[in-house]
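This is what each chain is made of:
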Amino acid sequence: MLQKKFRLRTLLISLFVGGVMLTSVLLLGALLLFQKCNIEDSLMESNIAYARKLADTMGRYLAISLRRSASWPGAQPGSRDLPT
């Protein structure tokens, strides 16, 4: 009779531990999928913002460079002077 109680206790403990482990694995899997999508979206938004900022900076740099090159005497058509 003592042996049956021990087996029942072992069965209950193993079912409890198995249920906790299964629940933990399922929750971690769901969190992993959700966080993966969330992280991908966040990275895409960051990359788009960085690309826009980089394009704006390069656009400003090129505009300044064009203004400076247009102000050089050598940049005028028909002028033979070289910029110094």
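Note that the structure is a prediction, hence the values are computed from the model and not measured.

Draft legend 1. Molecular detail of a nonpolar patch on the surface. Taken together, the side chains of I13, F16, V17, V20 and M21 make up a nonpolar region of the molecular surface, amounting to roughly 500 Å² of accessible area. Turning to its location among the elements, F16 is positioned in helix 1 (residues 2-71).

Draft legend 2. Geometry of the pattern of salt bridges. According to the stated counting rule, one finds one salt bridge in the structure shown. The partner of R60 in a salt bridge is D56, and the shortest N-O contact between them spans 3.4 Å. Taken together, the residues R60 and D56, both in helix 1 and four residues apart, mark about one turn of the helix. By relative accessible area, which is 41% here, D56 ends up partly exposed.

Calculation criteria
- Residues numbered from 1 in each chain as written.
- Predicted model: local features only at pLDDT ≥ 70, side-chain atom pairs only at ≥ 80, totals over all residues.
- Heavy atoms only, no water.
- Patch = residues over 30% accessible without salt bridge, like charges linked within 9 Å, V, L, I, M, F, W, Y side chains within 5 Å.
- Areas by Shrake-Rupley, 256 points an atom, 1.4 Å probe, with all protein chains shown as cover.
- Salt bridge = Lys/Arg side-chain N within 4 Å of Asp/Glu carboxyl O.
- Helix = DSSP H or I, 4+ residues; strand = E, 2+ residues; numbered from the N terminus.
- Buried < 20%, exposed > 50% of the residue type's maximum accessible area, 1.4 Å probe, protein only.

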